[in-house]
Amino acid sequence: MGRRRLVKTLSTLGVSGAALATGQIDEIATAAADDTDDVVRTHSYQHTNHEAVTNGAMPEREAKFYKIPRDQWIRTETAYDAARRVRERIGEIPSVSVTPDVNSPDYGETVICVTQTVVKSVTEDGDKVTKRRPSVSPEEVKRRTPATASGVVEHDGRAHRVEDIPVAFEKKTEIQTEVYSSLYRPVPAGCRIMCGDLEVGTIGSPAYDMDNTKPGWLTASHVFNRENGIKVHQPYVCCETGIGKSTKHTDEGNGDIAFFASDGNKRKYDLADKRENNYMGWPVNGTVAEDRLKDMASNSQTAARQGATTGRATFDLIKYNADAGIITGTNSGDKGGDSGGPWYQYDVENDHILMLGVHGGHHGPNNGRKSTATSIVHAEQELNIVV
């Protein structure tokens, strides 16, 4: 049999286009072996040069194949075809997914699940705040959802149709826990901010711009993509949540810290606590001096940090680079949205905190992960601000 005809024959036997695109036609044909009761499927794409890949080479791969019974293939593929038809009828709605559930344990048969997800943010105390409202109401999605659907696939030149596949609509609430993502007015250190429509971060510290005589806050420079003029919102981008605009930042290689000016008297020299407009009652009373940073790092002394997503954690300082202003600590946890958060030391005797730095990120494997920050000392020198 010619190669072109072989490819066409394999396609009619249910071999996917992705499998055929691997070019491994002979291997697929061998797997098929004239067995029309089974259908060849792609199992995986695996390295053929794995050792070289581990040393930095570009991966070279080959597909691995397996077979499933034809009846099982028909049941699966007709369900996916039915789901495609349901999606076309409902329309593209970001909050809605259409998923085939083949042999569903919940329904006892194959069913097409139309699921609308409402995302909510939940603080650790259980206070719920809706983050995203669906663009199309659940009632409208349910109205567009058919009671049943059909799916069709072809195998060996014959069409296989499955009719009356049930379609079920459900509304799901997805819980996303964020500890310090509430609205705060005035705005303290350690709470969530959003810059423009994309970047999410944490306020590191209230500060003051000596050049422009403007109040504002510090956060990580990469949260602004190292740009000035970026609008900042707290906690989310919507109507009246704007609190300032980025005006100063360090360039790459010179720390990771930025300043954004305040639109008014909205700052609070305190640390955010859980729930809206709640504060720790720990005044931000200045910064840790460079000598102290050196000594803390030399003796692996304890510090703390706060991120809008991860929350509050303690860790040991282990390094301080005075030239670049980079502080390194042991692993303290790090999730998306923590960038820019405060590193600080709590003074028990005086019941206040002293700022050490602004969180930049982490590096290294999980079992040896290290956290890094740019020191407030460096920020004051490079940006001419004061905390």
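A quick note: this is a predicted structure, and the numbers were derived from the prediction, not measured.

> Please clarify how the overall build of the protein chain should be interpreted in this entry.
For the protein chain, the count of helices and strands is eight helices and 24 strands. For the protein chain, buried positions account for 46% of its 387 residues. Taking all contacts inside the protein chain whose residues are at least 6 apart in sequence as the whole, residues at least 24 apart take part in 60%. Counting every atom, the protein chain has about 19,500 Å² of accessible surface; 44% of that belongs to carbon and sulfur.

> Mind showing me how you'd approach the environment of Gly253 here?
Following the sequence through the fold, Gly253 ends up in the loop between β14 (242-249) and β15 (258-262). According to the relative accessible area criterion, Gly253 is exposed, its value standing at 72%. A C-alpha to C-alpha distance of 7.7 Å links Gly253 and Ala324, two positions 71 residues apart in sequence.

> Even after reading the chapter, I still don't get the pattern of salt bridges, so can you show me in this structure?
When their charged atoms lie close together, side chains carrying opposite charge are able to pair. Taken as a whole and assessed by the stated rule, the structure comprises eleven salt bridges. For Lys248, the salt bridge goes to Asp211, with nearest N and O atoms at 2.7 Å. On the criterion of sequence distance, the pair formed by Lys248 in strand β14 and Asp211 in the loop between β11 (205-209) and β12 (214-219) is long-range, its members being 37 residues apart. Here Arg226 and Asp256 are joined by a salt bridge, their closest N and O atoms 4.0 Å apart. Taken together, the residues span a long stretch of sequence, with Arg226 in the loop between β12 and β13 (231-233) and Asp256 in the loop between β14 and β15 at a distance of 30 residues. Residue class for Arg226 comes out partly exposed when judged on its relative accessible area of 24%. With a relative accessible area of 13%, Asp256 lands in the buried category. By sharing partners, the salt bridges in this structure join Asp81, Arg84, Arg85 and Glu88 into a single network.

> Hey, could you run me through helix α5 (residues 70-90) in this one?
Note: α-helices contain 3.6 residues per turn, so residues at a spacing of three or four share the same orientation. Taking 1.5 Å of rise per residue, the 21 residues of α5 would be expected to cover 30 Å, and the 30 Å separating its terminal C-alpha atoms lies within 8% of that figure. Remark: Gly91 follows α5 within two positions and exhibits a positive phi of approximately 100°.

> It is not clear to me how the side chain of Lys248 should be interpreted in this structure. Could you clarify?
Note on Lys248: relative accessible area 13%, which makes it buried. Of note is the side chain of Lys248, whose polar atom sits 2.7 Å from the side chain of Asp209. A distance of 2.7 Å separates the side chain of Lys248 from the backbone oxygen of Leu383, its partner in a polar contact. Those residues in contact with Lys248 that lie beyond four places of it in its chain are Asp209, Asp211, Asn212, Asn228, Ala258, Phe259, Leu383 and Asn384.

> Sorry, what's going on with the side chain of Asp338 here?
Secondary-structure assignment places Asp338 in the loop between β20 (326-330) and β21 (342-347). For Asp338, the side chain forms a polar contact with the main-chain nitrogen of Ala308, separated by 3.5 Å. Among the polar contacts listed, one links the side chain of Asp338 to the side chain of Thr310, at a separation of 2.3 Å. Asp338 has contacts with Thr202, Arg305, Gly307, Ala308, Thr309, Thr310 and His359, leaving out every residue within four places of it along the chain.

> Is there a simple way to think about the sheet that holds β15 in this case?
Picture the strands of a sheet paired through backbone hydrogen bonds; they go either parallel or antiparallel. Spatially, the eight strands line up as an open sheet ordered β10-β9-β13-β14-β15-β12-β11-β24, and their pairing is antiparallel. The open sheet has two free edges, formed respectively by β10 (199-202) and β24 (385-386), since each of these has just one partner strand. Two strands pair when backbone bridges link them, and β11 and β12 are joined in this way by five bridges, in the antiparallel orientation. Bridge pairing in β12 links Asp209 to Lys214.

> Could you clarify how one ought to interpret helix α3 (residues 25-32) in this entry?
Every buried residue belonging to α3 is among Ile25, Ile28 and Ala32, and all of these are buried. Projection of α3 onto a plane perpendicular to its axis shows the buried side chains occupying an angular sector of 65°, all on one side.

> Is there a simple way to think about the packing of aromatic side chains in this case?
In this description, an aromatic ring pair is defined by two values, namely the gap between the centres and the angle between the planes. The final tally for this structure, using the stated rule, is five aromatic pairs. Taken together, a centroid distance of 5.9 Å and an interplanar angle of 85° make the contact between Phe224 and Phe260 edge-to-face. Pair noted here: Phe224 is in the loop between β12 and β13 and Phe260 is in strand β15, with a separation of 36 residues, a long-range link. Each member of the pair, Phe224 together with Phe260, is buried. By the ring-pair criterion, three or more aromatic residues cluster together here, those being Trp217, Phe224 and Phe260.

> In this structure, what is going on with the environment of Ala261? I would like to understand it.
Relative to the assigned elements, Ala261 resides in strand β15. Overall, Ala261 belongs to the buried group, its relative accessible area being 12%. C-alpha of Ala261 to C-alpha of Leu218: the two residues are 43 residues apart in sequence and 9.1 Å apart in space. Apart from the residues within four sequence positions on either side, Ala261 is in contact with Lys214, Pro215, Gly216, Ile243, Gly244, Lys245 and Thr247.

Cut-offs applied
Residues numbered from 1 in each chain as written. Predicted model: local features only at pLDDT ≥ 70, side-chain atom pairs only at ≥ 80, totals over all residues. Heavy atoms only, no water. Helix = DSSP H or I, 4+ residues; strand = E, 2+ residues; numbered from the N terminus. Buried < 20%, exposed > 50% of the residue type's maximum accessible area, 1.4 Å probe, protein only. Contact = heavy atoms within 4.5 Å. Areas by Shrake-Rupley, 256 points an atom, 1.4 Å probe, with all protein chains shown as cover. Salt bridge = Lys/Arg side-chain N within 4 Å of Asp/Glu carboxyl O. Expected span 1.5 Å × (residues − 1). Polar contact = N/O pair within 3.5 Å; in protein donor to acceptor, adjacent residues only side chain to side chain. Pairing = 2+ DSSP bridges. Arc of directions from axis to C-beta. Phe/Tyr/Trp six-rings, centres within 6.5 Å; stacked < 30°, edge-to-face > 60°.

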